[in-house]
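Letter by letter, the chains look like this.
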Amino acid sequence: MGRISFSTAGESHGRGLTALIEGIPAGLSLEMKRDVDPELERRQGGYGRGRRMQIESDRAELLSGVRLGETLGSPISMLIWNRDWENWTTAMSHLPPTEDANPKALRPHYLPRPGHADLVGALKYDRRDVRDILERASARETAARVACAAVAKRFLSEFGIRVESHVASIGPVDAQVVELPEDINEVADRNPVRCLDEGAVTRMIAEIDGAKEKGDTLGGVFEVVALGLPVGLGSYVSWDLKLDGRLARAVMSVHAVKGVEIGLGFEGARRPGSRVHDPIVRAEGRSRSGGIVRASNRAGGLEGGVTTGEPLLVRGAMKPISTLRKRLPSVDLRDGSDGDAAVERSDVCAVPAAAVVAEGMVALTLADAFLDKFGGDSLSEVRRNFDGYILHLKERGFGER
Ligand code: EPS
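Residues numbered from 1 in each chain as written. Predicted model: local features only at pLDDT ≥ 70, side-chain atom pairs only at ≥ 80, totals over all residues. Heavy atoms only, no water.

### With respect to the pattern of salt bridges
Evaluation of the coordinates by the stated rule reveals 37 salt bridges. Among the ionic contacts, a cluster of salt bridges with common partners joins R43, R52, E56, D58, D84, R140 and R345. (Salt bridge = Lys/Arg side-chain N within 4 Å of Asp/Glu carboxyl O.)

### Side note on the packing of helix 1 (residues 32-44) against helix 9 (residues 351-374)
Two elements in contact, helix 1 and helix 9, have axes whose closest approach is 7 Å; the angle formed by their N-to-C orientations is 145 degrees. Mapping the contact onto sequence places E39, R42 and R43 in helix 1 and A353, V356, V357 and E359 in helix 9. For the contact of helix 1 with helix 9, the class distribution of residues is three nonpolar, no polar and four charged. (Axes fitted to C-alpha atoms, helices over the stretch in contact; angles between N-to-C directions. Helix = DSSP H or I, 4+ residues; strand = E, 2+ residues; numbered from the N terminus. Contact = heavy atoms within 4.5 Å. Nonpolar A, V, L, I, M, F, W, Y, C, P; charged D, E, K, R; others polar.)

### Quick notes on the layout of surface pockets
If you add up the space inside the largest pocket, you get close to 740 Å³. In terms of lining residues, the largest pocket is bounded by 35 residues, among which H116, A137, S138, A139 and R140 are the most central. Among the secondary structure elements, those contributing two or more residues to the lining of the largest pocket are helix 2 (52-55), helix 4 (131-137) and helix 9. Of the residues forming the lining of the largest pocket, the biggest block, three residues, is contributed by helix 9. A class-by-class count of the residues in the lining of the largest pocket yields 14 nonpolar, eleven polar and ten charged. (1 Å grid on protein atoms, 1.4 Å probe; cavity = no way out; pocket = protein on both sides within 12 Å on 5 of 7 lines; lining within 4 Å. Points joined across faces, edges and corners; volume = space filled by probe spheres on them.)

### Let's talk about the nonpolar core
A general tendency of soluble globular proteins is for nonpolar side chains to be buried together. If you look at the biggest cluster of nonpolar residues, it comprises 84 residues, and the most contacted ones within it are M78, F155 and F370. Looking at this core, the element that brings in the most residues is helix 9, giving 15 residues. Beyond its immediate stretch of four places on either side in the chain, F370 contacts F155, L156, F159, I161, L233, G375, V382 and F386. (Core = buried A, V, L, I, M, F, W, Y, C linked by side-chain atoms within 4.5 Å. Buried < 20%, exposed > 50% of the residue type's maximum accessible area, 1.4 Å probe, protein only.)

### Brief notes about helix 8 (residues 243-252)
What helix 8 keeps buried is the set L243, R246, L247, A250 and V251. Each buried residue of helix 8 sits inside an arc of 125 degrees when the element is viewed along its axis, so together they form one side. Next to the buried residues of helix 8 lie strand 9 (220-227), strand 10 (257-262), strand 13 (302-303), strand 14 (306-307), strand 15 (312-318) and helix 9. (Arc of directions from axis to C-beta.)

### Describing the sheet that holds strand 8 (residues 173-174)
Strand order in the open sheet made by the five strands is 8-7-9-15-10, with antiparallel pairing throughout. Edge strands, defined here as strands with exactly one partner in the open sheet, are strand 8 and strand 10. Sheet analysis places strand 9 next to strand 15, joined by seven bridges and oriented antiparallel. Looking across to strand 15, one finds that V224 is bridged to V314. Seen against the sheet, helix 8 touches strand 9, strand 10 and strand 15 and runs at an angle of roughly 150 degrees to strand 10. (Pairing = 2+ DSSP bridges.)

### Let's talk about the packing of aromatic side chains
Using the criterion set out here, one finds eight aromatic pairs in the structure. Judged by centre distance (5.4 Å) and plane angle (35 degrees), the ring pair of F370 and F386 falls under tilted. With a gap of 16 residues between them, F370 in helix 9 and F386 in helix 10 (residues 379-395) connect regions that are remote in the sequence. Grouped by ring-pair contacts, the aromatic residues F155, F159, F370, F374, F386 and Y389 constitute a single cluster. Its guanidinium or amino end placed over the ring of W88, R107 lies 3.7 Å from that ring's centre, counting from NZ or CZ. We note R383 situated over the ring of F159; from NZ or CZ to the ring centre the distance is 5.4 Å. (Phe/Tyr/Trp six-rings, centres within 6.5 Å; stacked < 30°, edge-to-face > 60°. Lys NZ or Arg CZ within 6 Å of the ring centre and 35° of its normal.)

### Quick notes on the environment of D189
With respect to the helices and strands, the residue D189 is situated in the loop between helix 6 (184-188) and helix 7 (198-213). Distance from D189 to S29, taken between C-alpha atoms, is 25 Å for residues 160 residues apart in sequence. Aside from chain neighbours lying at most four places away, what touches D189 is R42 and R194.

Shown next, in the form of structure tokens:
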């Protein structure tokens, strides 16, 4: 664990976001315009986003780690400028305010929003102005995560591994998806709620419109699917190597995600074992899983915290965004008086965007687990390790040792 590390910096209305990813082997073809920018664009979309996304047009500027189109094995750092910064130069200035500064121009907030990091952050970091909290707690930060994730996806794609996502529900509207299409993102990205069930799309949009009208917000459920994985990523031998735990942490870390399921998830707890566990059957030619597959995939591609070679299915539940125009009760941090929570410009629903971010978090976790198993300094070294393993799976056959 820890082959890939990444970190982000930046405030929502600050100068910009920085993204740093370490551990990517040398020799990987990588271009910002081809590999990273399209992912940033996917994250910016989605019905229910606020006006901010019309201001931004996220692009990654590469600062280090790539020469002549290939990674060097050194840290890769990228920069995403905030276009909106121009409107925030006073409120987000790095310098102390001048004595004659208009306090309103500093755009302070003193009425924390229930459900947001506002209050806990203000108490923990001992700040009065809640803007000091919300600027970093904002999901704007996920743009930098998606930049790192795009690099991880580029790496995984060298080995035929794809990570995709779709929205399974928004508010009370559920999508009915009988079978996943071959290219999930290609279908999901065609509509603004990233849903695979065309009938549900209009109902989801109507639900978001209804919430907006009422000054309310909506959450939902998304599913991330990873295809092409070999058997054997992750491990059962120690708690922190279990891939299900690592994935749950990664997806739960996405803003407003309050639940994570793998495969059947909570539904499995209601069923007897005979309707949960997937029969094991021979399947010639499926070398990535040792010529043995599962007749169903209720386990969601993991057994014992290890990939089975079946599609990985991870779902996340996102709570509704905590900035409500229909204000909820709060307390003014200046004098302790009762008041209504502050209202900032915000999204009504960001589930489609969260799906893209979660897709990225899963890709980063899988790249990490992949390098645990096949680690090398160069792409060709990783490839040799991977190919040797797959060849062994193909050849090992049956019988006692
Ligand atoms: C966010 C509030 C909105 C969102 C923002 C997350 O921003 P603003 O306050 O500038 O209107 O648009 O999301 C992004 C900027 C983004 O890039 O995803 C919040 O409070 O978390």
